[in-house]
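A structural walkthrough
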Amino acid sequence: MRLGLQLGYWGAAPPVDAPALVGAAEEAGFDAVYTAEAWGSDAFTPLAWWGASTSRVTLGTAVVQISARTPAACAMHALTLDHLSRGRFSLGLGVSGPQVVEGWYGQPFAKPLARTREYVRIVRDVLAREAPVTSDGPHYPLPYSGPGALGLGKPLKPITHPLRADVPILLGSEGPKNVALTGEIADGWIAVFYSPRLGGVYEEWLGEGLARPGARRTRDEFEVVANCQIVVTDDRRPGLDAQKPALAHYIGGMGAPGMNFHADLFIRAGFQEAVDDITSLFAAGKRAEAVAAVPDEMVDEISIVGDADHVRREIARREAAGVTMLLTGCRSVAEVRALGALLPADALS
């Protein structure tokens, strides 16, 4: 099992300790540093800024939203960061949800699987730089010939030669069809929340995609990256309680009624009653009550909080389920070093 530092997206202001956390993660033997975006800070800029001080760790996005940029623009980001990091960049993509896609980016959310397939293909075509890039669409036609077009669009290929034509592309996905598509067209899967009790189900979903004709990877080559808060402590209560506000927000406030992929995941894991309570309380504006309705068992299912022996056991549990990397958001250099102390002695080799 490898560890990655998840810096996430910013809140009301940029974090002041990110450079120290990144430096500590590289020094402690972490394998990667990842950033994310929602509807505030973007994922690429902080990764480039903070990643400039590193020399070993993978620099990844978990995730960037495909509706935020055309596939060609996203490929330009990937091409640039891969050069600047000397081949250490990993592109994590996700569709987000209808509230963000239609409310923030002003784009239609319909047909997310078809849009993802087309988007990834264009990004790969740009990075391959084998010919001017064209696409028949219907979601990202190149050259554009729709309403308002002058008819002067010209197929292009990037001026800059990519350092790598095969920059790893991972997809953040949650439902069975999305995860199967991930297995088919991506180099890895980023699980926003990963429930070990559903490990067998996830493997079935991935296996369906990996078995399709033309699938990009075999299971042995495929990366499974799971977001998992890890807190090494003898006092579990503060570590459990600290995660409940975010969980309540994701379950109760990050999706539309009847279309919340995060809530669906916890329902599959057996938390139907808790999800119903959190959702109704959040919708009623009772945020504190929604947080209080998050059970400890739910936090335990998607994170690891406990002493060093407990942490080792739970990491092994996830590794046995098929996870290859855990992304964790450390709040201090001391937390980074505590986790680094659990890594194998050859982690820096």
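Description of the structure in this document. Note that residues are indexed from 1 along each chain, following the sequence as it is written. In keeping with the predicted nature of the model, local features appear solely for residues at pLDDT of at least 70, side-chain atom pairs appear and are counted solely at 80 or more, and the whole-chain, interface and lining totals rest on all residues. With hydrogens and water stripped out, all remaining heavy atoms of the structure feed into the side-chain values.

Core analysis: the largest hydrophobic core is formed by 91 residues, its most contacted members being L91, L93, F266 and M298. Ranked by size, the runner-up nonpolar core spans nine residues in total, among them A62, V63, L170 and M325. For this analysis, a nonpolar core means a set of buried residues of the types Ala, Val, Leu, Ile, Met, Phe, Trp, Tyr and Cys, connected via side-chain atoms within 4.5 Å. Buried, partly exposed and exposed residues are distinguished by accessible area as a fraction of the type maximum, computed with a 1.4 Å probe on protein chains only: under 20%, between the cut-offs, and over 50%, respectively.

Before going further, it helps to spend a moment on the packing of helix α1 (residues 18-28) against helix α14 (residues 333-340). If you want to describe how two helices pack, look at the angle between their axes and the distance between the axes. Angular values range over 0 to 180 degrees, each being the angle between N-to-C directions of two axes fitted as lines to C-alpha atoms, with helices fitted over their stretch in contact. Helix and strand labels come from DSSP, where a helix needs a run of H or I of at least four residues and a strand needs a run of E of at least two; each type is numbered from the N terminus. Their axes nearest at 9 Å, the elements α1 and α14 cross at an angle of 15°. As summarised for this structure, α1 and α14 are arranged roughly parallel, according to the angle between their axes. Viewed along their axes, α1 and α14 form a crossing whose handedness is right-handed. Counting all contacts with α1, which are made through A20, L21, A24, A25 and A28, the residues of α14 involved are V333, V336 and G340. Classifying every residue of the contact of α1 with α14 gives seven nonpolar, one polar and no charged. Every angle not falling under 35 degrees, over 145, or within 65 to 115 is termed oblique; those three ranges are roughly parallel, roughly antiparallel and roughly perpendicular. Put simply, a crossing is left-handed when the front helix is turned counterclockwise from the back one by less than a right angle, and right-handed when it is turned clockwise. Note on contacts: a residue pair qualifies if any of its non-hydrogen atoms lie within 4.5 Å across the two residues. Under the grouping applied here, Gly and all other residues not named as nonpolar or charged are polar, the nonpolar ones being Ala, Val, Leu, Ile, Met, Phe, Trp, Tyr, Cys and Pro and the charged ones Asp, Glu, Lys and Arg.

A few words on the environment of V22. Tracing the chain through its elements places V22 in helix α1. For V22, a relative accessible area of 1% corresponds to the buried category. Taking the C-alpha atoms as reference points, V22 and T54, separated by 32 residues in sequence, lie 7.8 Å from one another. Residues in contact with V22, not counting those within four places in the same chain, are L5, L7, V33, W50, S53 and T54.

Across a regular strand the side chains alternate sides, sitting on one face of the sheet and then on the other. Should DSSP find at least two bridges between two strands, the strands are taken to pair. Two elements, strand β2 (residues 32-35) and strand β3 (residues 58-61), share four bridges in a ladder whose sense is parallel. When the bridges of β3 are listed, A32 appears paired with T58. The pairing of β3 with strand β5 (residues 89-94) spans two bridges and is classified as parallel. From the neighbouring strand, G60 faces β5, where its bridge partner is S90.

We now examine the packing of helix α2 (residues 44-51) against helix α3 (residues 71-84). Running from N to C, α2 and α3 point in directions that differ by 5°, and their axes come no closer than 11 Å. Regarding the angle of α2 to α3, the classification is roughly parallel. For the pair α2 and α3, contact is made by F44, L47 and A48 and by C74, H77 and L81, respectively. Tallied by class, residues from the contact of α2 with α3 come to five nonpolar, one polar and no charged.

Only rings of Phe, Tyr and Trp enter the pairing, Trp through its six-membered ring, and a pair is recorded when the two centres are within 6.5 Å. The plane angle decides the type: under 30 degrees is stacked, over 60 is edge-to-face, the rest tilted. A full pass over the atoms with the stated rule returns 10 aromatic pairs. Residues F193 and F266 carry aromatic rings whose centres are separated by 5.3 Å and whose planes lie at 55° to one another, so their mutual orientation is tilted. On the criterion of sequence distance, the pair formed by F193 in the loop between β7 (188-191) and α7 (199-210) and F266 in helix α9 (residues 261-268) is long-range, its members being 73 residues apart. Residue F193 is classed as buried on the basis of its relative accessible area of 11%. On the basis of relative accessibility, which here comes to 0%, the residue F266 falls in the buried class. Put simply, the rings of W189, Y194, Y202 and W205 touch in pairs and so form one group of aromatic residues. Above the plane of the ring of F109 lies R115, whose end atom (NZ or CZ) is 5.5 Å from the centre. By definition here, charges over rings are those cases where NZ of Lys or CZ of Arg is within 6 Å of the ring centre and within 35 degrees of the ring normal.

Following the sequence through the fold, D82 ends up in helix α3. On the basis of relative accessible area, D82 is assigned to the buried category, the value being 1%. N or O atoms within 3.5 Å of each other form a polar contact, as long as, within protein, one can give a hydrogen and the other can take it, and as long as residues adjacent in sequence are counted only when both atoms are side-chain atoms. A polar contact is formed between the side chain of D82 and the backbone nitrogen of F89, at a distance of 3.3 Å.

Here we take up unusual backbone geometry. Cis geometry is adopted by the peptide bond preceding P138, which originates at G137 and carries an omega value of 15°. Mapped onto the fold, P138 is located in the loop between α5 (112-128) and β6 (169-172). Looking along the chain, the bond that leaves L142 and enters P143 is cis, with omega of -10°. Positioned with a positive phi, S96 is a non-glycine residue whose angle comes to about 65°. Within the element layout of this structure, S96 appears in the loop between β5 and α4 (98-103).

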